[in-house]
Amino acid sequence: MLEDLREHLSEEDVVRNKALLENLRRGGSHRTPQVGSRSSLPRPPTSPVSWHDYISAEPGRPPSLGRRTLCKESRKYFRATMAMSLNFPLNLLKLLNVLEVVAPFKQFHKLRDFVQLQLPPGFPVKLDVPVFPTISATVTFNEFRRMSSFPSSLFSIPSDFVEDPSHFPDL
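Just so we're clear, the structure is a prediction, and the values are computed from it rather than from any experiment. (Residues numbered from 1 in each chain as written. Predicted model: local features only at pLDDT ≥ 70, side-chain atom pairs only at ≥ 80, totals over all residues. Heavy atoms only, no water.)

Enquirer: Honestly, the confidence of the model for the chain in this entry has me stumped. Any pointers?
Expert: Scored by pLDDT, the chain has a mean of 76; 81% of the residues are at 70 or more. Within the chain, the lowest mean pLDDT, 70, falls on helix α4 (residues 109–116), and the highest, 89, falls on helix α2 (residues 51–55). (pLDDT = per-residue confidence, 0-100. Helix = DSSP H or I, 4+ residues; strand = E, 2+ residues; numbered from the N terminus.)

Dropping the structure here:
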C-alpha cells in the first residue's frame, strides 16, 4: 500500500507532476523541469478541533488539523513462475534448508515464503519470484549430482586454512 500525501501541493503542482510522470512512463524526456520560486500556498483555515478532541482521538486516527489530506492506495501484483519435476531426487525440505542459509537477506524471505506455500506435487526445479518491482529472484537446478558422486577431497579443509572471524559478522 502506498499513501500519496499531497496536501502541500497546489492543484497546478499536482497536474504538472502527473504530466511529468506520464511523460516519463511513455519514454519521454528525462530532463528535470526548471523549478522557479513561487509564492507559498495560502494558510489553511483554522481548525475547529480542540486540544482535548485531538489527544482523545482513537490511536492512529488523529483528526486533521491542516488542509484536507488526500490519500491514495495503489497495489501492484506480480507473477511468480515455477517448473515442477516429479522425478527430481530431492524433496522440498532440502530446498528449504538451502533457503534457510540465504534467509539473513530479508529480500529472500519472500522467495522462502513462496516455497513454503502449498505447492503442486513434485520438486520445484525452477522458481522465479519477484523480490522488488524490478528484481526477481531465480533459483534453478540445471544439473544435479548426488554427493556420493563427488570425490571427498573436494570437501577437505586445507591444513593452512585460517578462519577470519570478521568475514561473516552476522553469523
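Enquirer: Explain a nonpolar patch on the surface to me, please; I cannot follow it from the model alone.
Expert: Taken together, the side chains of Trp51, Tyr54, Ile55 and Leu65 define a hydrophobic patch exposed on the protein surface, amounting to about 450 Å² of accessible area. For isoleucine 55, the position within the fold is in helix α2. (Patch = residues over 30% accessible without salt bridge, like charges linked within 9 Å, V, L, I, M, F, W, Y side chains within 5 Å. Areas by Shrake-Rupley, 256 points an atom, 1.4 Å probe, with all protein chains shown as cover. Salt bridge = Lys/Arg side-chain N within 4 Å of Asp/Glu carboxyl O.)

Enquirer: What's the story with the side chain of aspartate 13 in this structure? I'm lost.
Expert: Considering the arrangement of structural elements, one finds aspartate 13 in helix α1 (residues 11–25). A polar contact of 3.3 Å, which involves the side chain of aspartate 13, links it to the side chain of arginine 16. (Polar contact = N/O pair within 3.5 Å; in protein donor to acceptor, adjacent residues only side chain to side chain.)

Enquirer: What is the right way to read the packing of aromatic side chains from this model?
Expert: Two numbers describe a pair of aromatic rings. These are the distance of the centres and the angle of the planes. Tallied over the full model, the rule gives two aromatic pairs. Aromatic pair phenylalanine 88 and phenylalanine 123: ring centres 4.6 Å apart, planes at 5°, arrangement stacked. Of this pair, phenylalanine 88 sits in the loop between β1 (81–85) and α3 (92–102) while phenylalanine 123 sits in strand β2 (residues 123–132), and the two are 35 residues apart along the sequence. Here phenylalanine 88 matches phenylalanine 123 in class, with each residue buried. (Phe/Tyr/Trp six-rings, centres within 6.5 Å; stacked < 30°, edge-to-face > 60°. Buried < 20%, exposed > 50% of the residue type's maximum accessible area, 1.4 Å probe, protein only.)

Enquirer: Is there a simple way to explain the nonpolar core in this structure?
Expert: Across soluble globular proteins, nonpolar side chains have a tendency to be buried as a group. Phe88, Leu95, Leu96, Leu99, Phe114, Val115, Phe123, Val125, Leu127, Val129 and Val139 form the largest nonpolar core, which has eleven residues in total. When residues of this core are traced back to their parent elements, those giving at least two are α3, α4 and β2. Of the residues forming this core, the biggest block, four residues, is contributed by β2. (Core = buried A, V, L, I, M, F, W, Y, C linked by side-chain atoms within 4.5 Å.)

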